Amino acid sequence: MVDADESMEVETSDTIEKKKKKKKKKKKKPAGGTGGGGGPTATPKQQTDPPEIPIRQLYPGGKYPLGEVVDHPIPKHAPHDVTINRRTDEGKMALDASFEEMLQEAREAAEAHRQVRKYVMTWMRPGMKMIDIVEKLEACSRKLVNERGLEAGLGFPTGCSLNNCAAHYTPNAGDETVLQYDDVCKIDFGTHVNGRIIDSAFTVTFNPRYDKLLEAVRDATNTGIREAGIDVRLCDVGEAIQEVMESYEVELDGKSYQVKAIRNLNGHSIAPYRIHAGKTVPIVKGGDATKMEEGEFFAIETFGSTGKGHVHDDMECSHYAKNYEMGFVPLRLQRSKQLLHTINQHFGTLPFCRRWLDRTGESKYLMALKNLCDLGVVDDYPPLCDIKGCYTAQFEHTLVLRPTCKEVLSRGTDY
C-alpha cells in the first residue's frame, strides 16, 4: 500500500485540464450482456424451477446442445475399402453441413425431452394417479417445446405401461390406476419440432429388487446404439442386443429369472411426422439383412421381460394414429367426417390418444373412432402385455446417422 503523503499531488488549473484531455469515453456493452445476445455462441439463459421457459428462448441463437457424438462402427460384412475417416472427409463434411437446420430442430426437441424427464423424476412417486403423472408431464413438454399447432408439440401420447404391460398404455379419462411402490413403470414420451420426433423412454422403479432388470435393458439398449451405423445390417444389431440382454438374470422372491428380450417388439426408423417410418430394428437374432443408411433417424429401443418374452394385445385401447399409407376413403357418416377433420387439424399423421381428443373439445366420439378404424383410415394400438405376474422394462434413444458421425440426440446424464 502506497503511503498517502507520498502520493498526494496539488491540483492546479493546468493539471485539471490535462486530466480531462486524457479521459476516454467508456464503450457501451451490447444490450443483453453475455446471457442471450442471440448469436451462435450466446450463453443460454437459466431455466426456471419448475421448468417453464421454452427451449428456444433459452438458446436464442438457435444453436442447441449436441447429443452424444460417436464414430460409425465398421459394418461386420463391409469390404475393407469403406474405412474412410468420415470426420475429415470433405464430401461428408459438406453433406453434414447441409443437414444443419434439420439437426437443430431435432436437438431442440431433444433438449426439451431431457429437461422434462429430469423434472418428472423430482416428483414422480408411489400413490400418484397415472393420469395425473402423464398430464403433468405433457403439460411441461408442451411448454418447453413451445407447442404451436403441427409445427411443434408432443410426438405421441405418453406411455406409462406397468409391470407385465410393456407398451402403448396411457390412461383414458376416468382411469383411476394408482402407481404403487412395487410397480415397474415405463415412461415413453416424444417431442417434435417441425415433425422431427424425439422418441425416448426409461423405466422407473422404487423397489431396488428390480435393479438388475433395469441394468440388463439399459445395457442392451446401449449395445444397440453402439452397433448401429451406416451400412450396418439390422439383423446384426438385433443379434448383439439379444446376446447382452439374455446374459442377465434377476432374482425375485427367491426365484431366478433370465431376462428375455421381447421378440415381437422392435426399434424403428423415424421420418418427419411419421413415428414408424418403415424399417424395424429387431432386438433378437434372425431379422432381415436390410441396412441402415446415411441420413436416417432411428429409435433404438429394447424391452426385457421376466415372462415369456412375447407380448399380445390386452386391456382397453388408448393409442391411435392415422394410417400413413391410406389414401382418400369416402366416409358415409357425418360424425366420422367431423372426427377425421379434428384428427387432421390437431394431429395430422402423429399418434394421439383419447385424452387428447377430449382436449380438443370432442365428446361422444367412440362410435365414429371405431368407424374410422374399421375402414382403415385410423389404426388402433392396444396395450401390449406379456403374461400376468411378470415384469417388463424398457430403455430407448433416438439417434441420427449423420454423414460424418452418429449422434445420439436424446442422450442425457440420466441414461
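Residues numbered from 1 in each chain as written. Predicted model: local features only at pLDDT ≥ 70, side-chain atom pairs only at ≥ 80, totals over all residues. Heavy atoms only, no water.

### A word on the sheet that holds strand S13 (residues 319–322)
Neighbouring strands of a sheet are bound in pairs by backbone hydrogen bonds; such pairs are parallel or else antiparallel. Taken together, 3 strands build an open sheet; the order of strands is S14-S13-S15 and the sheet is antiparallel. The outermost strands of the open sheet, each flanked by one partner alone, are strand S14 (352–353) and strand S15 (378–381). Sheet analysis places S13 next to S15, joined by 4 bridges and oriented antiparallel. Looking at S15, one finds that Tyr320 is bridged to Asp380. (Pairing = 2+ DSSP bridges. Helix = DSSP H or I, 4+ residues; strand = E, 2+ residues; numbered from the N terminus.)

### Topic: the packing of helix H7 (residues 211–227) against helix H8 (residues 234–245)
Taken N-terminus to C-terminus, the directions of H7 and H8 make an angle of 155°; their axes are 8 Å apart at the nearest point. As summarised for this structure, H7 and H8 are arranged roughly antiparallel, according to the angle between their axes. When you trace H7 past H8, the crossing you get is right-handed. Here H7 contributes Ala216, Val217, Asp219, Ala220, Thr223, Gly224 and Glu227 to the contact with H8, which in turn contributes Val237, Ala240, Ile241, Val244 and Met245. Here the residues of the contact of H7 with H8 sort into 8 nonpolar, 2 polar and 2 charged. (Axes fitted to C-alpha atoms, helices over the stretch in contact; angles between N-to-C directions. Parallel < 35°, antiparallel > 145°, perpendicular 65-115°, else oblique. Left-handed = near helix turned anticlockwise from the far one by under 90°. Contact = heavy atoms within 4.5 Å. Nonpolar A, V, L, I, M, F, W, Y, C, P; charged D, E, K, R; others polar.)

### Digging into the nonpolar core
In terms of nonpolar packing, the biggest core is built from 86 residues, with Met124, Met130, Cys185, Ile187, Met292, Phe298 and Ile300 touching the most fellow members. Per-element tally for this core: the top contributor is helix H5 (residues 100–123), with 10 residues. Not counting residues within four places of it along the chain, the set of residues in contact with Met130 comprises Cys160, Leu162, Tyr169, Pro171, Thr177, Val178, Leu179 and Cys185. If you look at the next biggest cluster of nonpolar residues, it comprises 20 residues, including Ile343, Phe352, Trp356 and Ala368. (Core = buried A, V, L, I, M, F, W, Y, C linked by side-chain atoms within 4.5 Å. Buried < 20%, exposed > 50% of the residue type's maximum accessible area, 1.4 Å probe, protein only.)

### A word on the sheet that holds strand S12 (residues 312–313)
As summarised here, the arrangement of the 3 strands in space is S3-S16-S12, forming an open sheet in which the pairing is antiparallel. Edge strands, defined here as strands with exactly one partner in the open sheet, are strand S3 (165–167) and S12. Pairing of S3 with strand S16 (residues 384–385) involves 2 bridges; the strand directions are antiparallel. Paired with Cys165 across the strands is Cys385, a residue of S16.

### With respect to the environment of Leu339
Among the secondary structure elements, Leu339 is positioned in helix H9 (residues 334–346). Sequence-wise, Leu339 and Glu362 are 23 residues apart; in three dimensions their C-alpha atoms are separated by 7.9 Å. Those residues in contact with Leu339 that sit more than four places away from it in its chain are Leu357, Glu362, Tyr365, Ala368, Leu369 and Leu372.

### Structural notes on the pairing of strand S17 (residues 392–401)
Extensive coverage of S17 is indicated by the burial of 10 of its 10 residues. Summarising the sheet, strand S11 (residues 297–305) and S17 pair through 9 bridges and their orientation is antiparallel. In the strand pairing of S17, Gly304 is matched with Ala393. Of the pairings in the sheet, the one linking S17 to strand S18 (residues 406–408) comprises 3 bridges and is antiparallel in character. By the bridge assignment, Leu399 is partnered in S18 with Val408. Remark: 4 residues form the turn of the hairpin made by S17 and S18, two consecutive strands paired antiparallel.

### Some remarks on the packing of H5 against helix H6 (residues 130–144)
At a minimum axis distance of 10 Å, the contact between H5 and H6 shows a crossing angle of 145°. Viewed along their axes, H5 and H6 form a crossing whose handedness is right-handed. When H5 is examined against H6, the residues Ala112, Gln115, Val116, Tyr119, Val120 and Trp123 are found in contact with a partner set consisting of Ile133, Lys136, Leu137, Cys140, Ser141 and Leu144. Here the residues of the contact of H5 with H6 sort into 9 nonpolar, 2 polar and 1 charged.

### Some points on the pattern of salt bridges
For the structure shown, the criterion picks out 27 salt bridges. With a shortest N-O distance of 2.6 Å, Asp71 and Arg87 are connected by a salt bridge. A residue pair is termed long-range when its members are at least 10 positions apart, and Asp71 in the loop between strand S1 (68–70) and helix H4 (90–98) and Arg87 in the loop between S1 and H4 qualify at 16 residues. Residue Glu325 pairs with Arg274 through a salt bridge whose shortest N-O separation is 2.7 Å. (Salt bridge = Lys/Arg side-chain N within 4 Å of Asp/Glu carboxyl O.)

### Observations concerning the side chain of Lys186
Along the chain, the position of Lys186 falls in strand S4 (residues 184–193). Among buried charged residues, Lys186 stands out as having no salt bridge; its nearest opposite-charge side chain is Asp183, 8.8 Å away. From its side chain, Lys186 meets the backbone oxygen of Asn163 in a polar contact 3.0 Å long. Apart from residues lying up to four places away in sequence, Lys186 is in contact with Gly159, Cys160, Ser161, Leu162, Asn163, Cys165, Ala166, Phe202, Thr203, Thr392, Ala393 and Gln394. (Lys, Arg positive; Asp, Glu negative; His and termini not counted. Polar contact = N/O pair within 3.5 Å; in protein donor to acceptor, adjacent residues only side chain to side chain.)

### Let's talk about unusual backbone geometry
Glycine aside, the phi torsion of most residues is negative, and most peptide linkages are trans. For the peptide bond that leads from Asp49 to Pro50, omega is 5°, which places it in the cis range. With respect to the secondary-structure elements, Pro50 resides in the loop between helix H2 (13–22) and helix H3 (55–58). Look at Asn146: it is not a glycine, yet its phi comes out positive at around 55°. One non-glycine residue with positive phi stands out, namely Asp253, at about 55°. Within the element layout of this structure, Asp253 appears in the loop between strand S6 (249–252) and strand S7 (255–258). Asp253 gets classed as exposed once you look at its relative accessible area, which sits at 73%.

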